[in-house]
Each structure stands twice: as structure tokens, then as C-alpha cells.
Amino acid sequence: MKSITIKGSERESVGKKATKALRNAGKVPCVVYGGEKPLHFSADELSFKNLVYTPNAHTVVIELDNGTKIDAVMQDIQFHPVSDSIIHIDFYQLFKDKEVTMEIPVRLEGSSPGVRNGGRLLFRKRTLTIKALPDHLPDFFNVDISKLKIGDNINVESLLNDDFTILHPESTVVVQVKTARAAIVVDEEEEEGVEGIEGAEGAEGAETPAEAAAESNE
């Protein structure tokens, strides 16, 4: 998995006044958990844009101005309810021999024949939560939909891998193709049309009462 480097400064004070001053200066207060004790630091808000505003999953290398480097993953983020600016981020420190839980994006590949035939594609799980060692974290799940017909689906069971554990039931549907409502209406209209034709053919071949009487008189 690709890493993004975040350069910051360790925080000596974590009080409300110090935190407010950081935010006013365009910096984001952060904390890293998972080590011997929580580590508080701050970094420019702009330095998080490639980590936060992307559908991709990344690990992080936190480089502090005192020379400390920490491998981590983002665990939680808080936004201001009005301005939508980042006001706090929690990270979790990575260790090569310790599994970590992370959400991994799902990418669809190919073109579904079911959709081409009028079906509706339902993308049920755009991310999957997994547990794995840092070196085994995938960048994303590739899901091939090129064989999905109407009524077919792809579930978690087909994505299982020995390198990680997917924290969803195996029966969880990731993507499926269902019959579109418009397609059902078209089918019904076609059936009605066939019945109408059959009925018309039957009426055309039947004798009228007058014709039957004439034949009996002959």
C-alpha cells in the first residue's frame, strides 16, 4: 500500500487554548495511538489533502521536526460542522508484526452483460473492512463484473485471501445486477401482445352464427 508523508511538530501543550491557537493558524491537532503512550502533534491542514480527499486508502509516514518517524494509518477524523475544515485526526501506529484494521476501497472492472440487457447495477459495498499485517494491506479490491447477468451477484466469499481477514460475513453482497422496473414493464407488454395476437388469430378462424346456419341449410 502506498504511503503519504505528513510533516508536523510534536505538541508540548494539549489544552483547549493551545488547540484553538493551532486551528486559528491553519494547523490540525492530531494524536497517534498504539505506541507506549499517545503522541500529540500538529500539521498544516493542506498536508492532509491527499490523504483525506481521495477514495484511495493510504498508510502514513509522520515525520516530526525532532527527527521522529512513525508509520501509521488514519483511524478517525473530525470536521467543523459549518466550515467543513479538519479539526482533529486520530492515527494508529503500525508495527510490522501487529495486525491493523482498515477500510479498503472496492473498484469495479469490466462491463456487465446484465446491465447492457436492461438490468440495474447495485454497488452495495464501496469499501470493505479488513484486518491484516501492514505489509499485506492491499491498495484496493478489484471486482470483475464482466460476467454478471441479471440476477447475479458477487459476495465477500469470492474475495477471500490468506493475506488478510475480511471483517464481513462471507454472504455479504458487494455488487449485484437486478432487473430494472422498466424492463419488467416491457416484458409484461410483450406477453400481453402475444396473447392479443393469439386471440385475434382464434377469432379470425372461427365461424359466425350466420355462417354456421348457412352451412346447416346446405
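Described in the following lines is the structure provided in the data block. Computed from a predicted model, the values in this text were never measured in an experiment. (Residues numbered from 1 in each chain as written. Predicted model: local features only at pLDDT ≥ 70, side-chain atom pairs only at ≥ 80, totals over all residues. Heavy atoms only, no water.)

**Comments concerning the overall build of the protein**
Along its length, the protein carries 5 helices and 13 strands. Put simply, the protein has 218 residues, and 33% of those count as buried. Once local pairs closer than 6 in sequence are excluded, the contacts in the protein between residues at least 24 apart make up 65%. Element-wise, carbon and sulfur atoms account for 48% of the exposed surface of the protein, whose accessible area totals about 14000 Å². (Helix = DSSP H or I, 4+ residues; strand = E, 2+ residues; numbered from the N terminus. Buried < 20%, exposed > 50% of the residue type's maximum accessible area, 1.4 Å probe, protein only. Contact = heavy atoms within 4.5 Å. Areas by Shrake-Rupley, 256 points an atom, 1.4 Å probe, with all protein chains shown as cover.)

**Structural notes on the sheet that holds strand β8 (residues 119-123)**
Pairing between sheet strands relies on hydrogen bonds along the backbone, with the strands arranged either parallel or antiparallel. If you trace the 3 strands from one edge of the open sheet to the other, you get β8-β13-β11, paired in antiparallel fashion. In the strand order of this sheet, the two ends are held by β8 and β11 (153-155), each with one partner. Neighbouring strand axes in the sheet, compared pairwise and without regard to direction, differ in orientation by 15 degrees on average. Here β8 runs beside strand β13 (residues 173-179); their pairing, made up of 5 bridges, is antiparallel. Paired with Leu122 across the bridge in β13 is Gln176. (Pairing = 2+ DSSP bridges. Axes fitted to C-alpha atoms, helices over the stretch in contact; angles between N-to-C directions.)

**Comments concerning the sheet that holds strand β2 (residues 27-33)**
What the 6 strands build is a closed barrel, ordered β1-β3-β2-β6-β5-β4; its pairing is mixed. Taking each pair of neighbouring strands and ignoring which way they run, the sheet shows an average axis angle of 45 degrees. Inspection of the sheet shows strand β1 (residues 3-10) paired to strand β3 (residues 39-44) by 2 bridges, in the antiparallel sense. By the bridge assignment for β3, Glu10 is matched with Phe41. Across the sheet, helix α1 (residues 16-24) is in contact with β2, β3 and β6 (86-93); its angle to β2 comes to roughly 125 degrees.

**A word on the pattern of salt bridges**
Considering all chains together, one arrives at 3 salt bridges under this definition. The salt bridge partner of Asp44 is Lys27, with a shortest N-O separation of 2.7 Å. Of this pair, Asp44 sits in strand β3 while Lys27 is found in strand β2, placing the two residues 17 residues apart along the sequence. Judged by relative accessible area, Lys27 falls into the partly exposed class, the value being 30%. A salt bridge links Lys69 to Glu63; the shortest N-O distance between them is 3.7 Å. Overall, Lys69 belongs to the exposed group, its relative accessible area being 60%. Overall, Glu63 belongs to the partly exposed group, its relative accessible area being 22%. (Salt bridge = Lys/Arg side-chain N within 4 Å of Asp/Glu carboxyl O.)

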